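# Structural description and commentary
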Amino acid sequence: MDIPYEKTIADLFRWRVAESGDDIAHKFLDKETTYSELDSFANKVAQGLIALDCSPDSRVAFLGKNSDLFFEFLYGTIKSNTVTVGINWRLAPPEVAYIINDSKSEVLLVGPEFFGLIEEIKNDINTLNAQAQSKRELLLRALGAIEYLQQIGVTLEEQTPVVTPPPTAKPKSKAKGS
């Protein structure tokens, strides 16, 4: 197998899908995901991020325990040309808020086990894209999380997977020439 060494990560992933799309990309618990399935899920994540007006190099944070969803998120950020900000789930709430603000993350995806933590610090976070809250279902669907949340008995109205900035947050300014 000739691996294309002088390509971007996105190019290498596309090559892998084309070469062995039906092969198993990863296993998590009892679930196996092929490269083609991972590619499809990642495309949905990328489309969701673009629909949230994430421009190239926008920071997108992920707070969740180890899961196959992280890889959908990771490849989705690569495909949308956004930047992955992984947040260690063992951090204290003020540390999580600091990382989100310091990284200037515009969107935050949160595993259901951390909704309470985000609720606790939401007023300390001032960098998130205000559009993210209104379109949260889009990203949940992209990550396959709606089905998971329904399985554990959580309805969409009960969640806070992404939060809006406080009313005093200033909108992101446009770069000159855009």
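Here the structure is a predicted model, which is why all the values come from computation and not from measurement.

What counts as what
Residues numbered from 1 in each chain as written. Predicted model: local features only at pLDDT ≥ 70, side-chain atom pairs only at ≥ 80, totals over all residues. Heavy atoms only, no water. pLDDT = per-residue confidence, 0-100. Contact = heavy atoms within 4.5 Å. Axes fitted to C-alpha atoms, helices over the stretch in contact; angles between N-to-C directions. Helix = DSSP H or I, 4+ residues; strand = E, 2+ residues; numbered from the N terminus. Parallel < 35°, antiparallel > 145°, perpendicular 65-115°, else oblique. Left-handed = near helix turned anticlockwise from the far one by under 90°. Buried < 20%, exposed > 50% of the residue type's maximum accessible area, 1.4 Å probe, protein only. Arc of directions from axis to C-beta. Nonpolar A, V, L, I, M, F, W, Y, C, P; charged D, E, K, R; others polar. Salt bridge = Lys/Arg side-chain N within 4 Å of Asp/Glu carboxyl O.

What follows covers the confidence of the model for the chain. Chain-level statistics for the chain give a pLDDT mean of 76 and a share of 71% at 70 or above. Across residues 154–178, confidence stays below pLDDT 50; counting only partners more than four residues off in sequence or on other chains, it has 42 contacts.

This next bit is on the packing of helix α1 (residues 9–20) against helix α2 (residues 35–51). At their nearest, the axes of α1 and α2 sit 9 Å apart, and the two run at 140 degrees to each other. The angle between α1 and α2 falls in the class oblique. Between α1 and α2 lies a crossing of left-handed hand. Here F13, R16, V17 and S20 of α1 come into contact with α2, specifically with Y35, S36, L38 and D39.

Okay, helix α3 (residues 69–79) next. Three or more residues of α3 are buried, namely E72, F73, G76 and T77. End-on, the buried residues of α3 take up no more than an arc of 130 degrees, which puts them together on one face. Trailing α3 by a residue or two, N81 shows a phi angle of about 60 degrees, which is positive.

So, on to the packing of α2 against α3. Orientation of α2 relative to α3, taken along the N-to-C sense of each, is 60 degrees, at an axis distance of 7 Å. Put simply, α2 runs oblique to α3. Viewed along their axes, α2 and α3 form a crossing whose handedness is right-handed. Across from L38, D39, F41, A42, N43, V45, A46 and L49 in α2, the residues of α3 making contact are F71, E72, F73, Y75, G76, T77 and K79. Its residues placed into classes, the contact of α2 with α3 shows nine nonpolar, three polar and three charged.

This part covers the pattern of salt bridges. Taken as a whole and judged by the stated rule, the model has five salt bridges. Across the pair K31 and D68 runs a salt bridge, and its minimum N-O distance is 3.1 Å. With K31 in strand β2 (residues 31–34) and D68 in the loop between β3 (59–63) and α3, this residue pair connects regions lying 37 residues apart in the sequence. Overall, the relative accessible area of 37% leaves K31 in the partly exposed class. The partner of D39 in a salt bridge is K79, and the shortest N-O contact between them spans 2.5 Å. Remark: K79 occurs in helix α3 and D39 occurs in helix α2; sequence separation between them is 40 residues. Assessed through its relative accessible area of 16%, D39 is described here as buried.

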